Amino acid sequence: MKKIFGRDLAIDIGTANTVFYRAHHGVVLNEPSVICINTDSGAVLSVGSDARSMVGRTPDNIVSIRPLKDGVVADFETAQKMLRMFMEQVGMRRLFSKPTVVVAVPPVVTSVEHRAIKDAAFAAGARKVYIMEEPMAAAIGAGLPVQEPMGSMIVDIGGGTTDVAVISLGGIVTSRSIRIGGDALDAAIVGYIKNEHSLLIGERTAEELKMAIGSAYKSHDDATARIRGRDLVTGLPKDLLVSAKEVHAAIEDSLIKIITAIKNTLEETPPDLVSDLSRNGIMLAGGGALLNGLTDRLRFETGMPVNVAEDPLYAVVNGAGKCVENIELLKKILLPEQK
């Protein structure tokens, strides 16, 4: 029987964005994982998009913090404040009872980090908190037959991590997680522009550059984009025309690490499941799945079919949301309680 009020939540607390899914309502919040705090008073000034707009534009006594690093809670206190404010935004205070919350986390998190994530959710107002692994959530959200006796492969490229997993019969057979994702690509672009052109740009500019002309394949076109930063020689503002080839060169090392993680996971997969994967292919999820040319690059590197989830940005939270709405499904894939 459905819960009419749909109070329960699924949360994908990402390094870049935090997404809330409310049972039987779908995605109700998608905000940058940023919180802006006055260091003099400790007061929270803003969270999400408002806080992100302040990054790099605040006086010394106001700081914009990203409480998650590489997919895990790096600053517990600010993560707790951010979660509480997001839960207020989706109307949790107006409900008579506290929600059950499912939080999707990368496989690389330790038992200590599990505890920190759970404590943050409890402190933010949850009644029960369950943890599930992001690759499983992404696979469910992408519509893969995770409970069937066949191999399914999911590659979830998020802001802080890339999670690769082979799933069969409701469990993860083999997986690999590396702390490289969209943020690493952005940082690589920042470093490349700094080293090659002595120009300092921000991460937001790098992200916009990646989205505009970035490609997983060495580009043969003449696409360019104009950016503005600070000249490290003169200290003055300066414009620069950047080519697609340069952006590719900047992110290539990170792409190779992602490809290597996929290949290593395939090497550890039982032969019968590899046979399934050769037919069913690889499913991509996460914001990184939208990188131009990535599907073609992975087809070339692995010789396997590669597809992108219908809703890659929300695959993780949609999968966790399905578990919130079906507690029996949740019990089968729930992570064991961390001691």
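This text follows the structure it describes.
Worth saying up front: this structure is predicted, and the values here are computed from it rather than measured.

What counts, and where the lines are drawn
Residues numbered from 1 in each chain as written. Predicted model: local features only at pLDDT ≥ 70, side-chain atom pairs only at ≥ 80, totals over all residues. Heavy atoms only, no water. Salt bridge = Lys/Arg side-chain N within 4 Å of Asp/Glu carboxyl O. Helix = DSSP H or I, 4+ residues; strand = E, 2+ residues; numbered from the N terminus. Buried < 20%, exposed > 50% of the residue type's maximum accessible area, 1.4 Å probe, protein only. Pairing = 2+ DSSP bridges. Axes fitted to C-alpha atoms, helices over the stretch in contact; angles between N-to-C directions. Contact = heavy atoms within 4.5 Å.

Peer 1: Explain the pattern of salt bridges to me, please; I cannot follow it from the model alone.
Peer 2: A side chain of one charge can pair with a side chain of the opposite charge if their charged atoms are brought near each other. Counted by the stated rule, this structure contains 15 salt bridges. Ionic pairing is found between Lys81 and Glu77, a salt bridge with its closest N-O pair at 3.7 Å. Residue Lys81 and its partner Glu77 are located together in helix H2 (residues 76-89), separated by 4 residues, close to a single helical turn. With its nearest N and O atoms 2.2 Å apart, the salt bridge here joins Glu268 to Arg176. With a gap of 92 residues between them, Glu268 in the loop between helix H7 (244-267) and helix H8 (271-280) and Arg176 in strand E13 (residues 171-178) connect regions that are remote in the sequence. In this structure Glu268 comes out as partly exposed when scored by relative accessible area, which is 43%. When its relative accessible area of 27% is taken as the criterion, Arg176 is described as partly exposed.

Peer 1: What's the story with the sheet that holds strand E17 (residues 282-285) in this structure? I'm lost.
Peer 2: Strand pairing within a sheet occurs via backbone hydrogen bonds; the two strands may be parallel or antiparallel. As summarised here, the arrangement of the 5 strands in space is E13-E12-E11-E17-E18, forming an open sheet in which the pairing is mixed. The two strands at the open ends of the sheet, each matched to only one other strand, are E13 and strand E18 (306-308). Between one strand axis and the next, the sheet turns through 20° on average, direction left out of account. As paired strands, strand E11 (residues 152-157) and strand E12 (residues 162-168) are joined by 6 bridges and run antiparallel to one another. Residue Val155 lies in a different strand from E12, and its bridge partner there is Val164. This element, H7, spans E11, E12, E13 and E17 of the sheet and lies at about 155° to E13.

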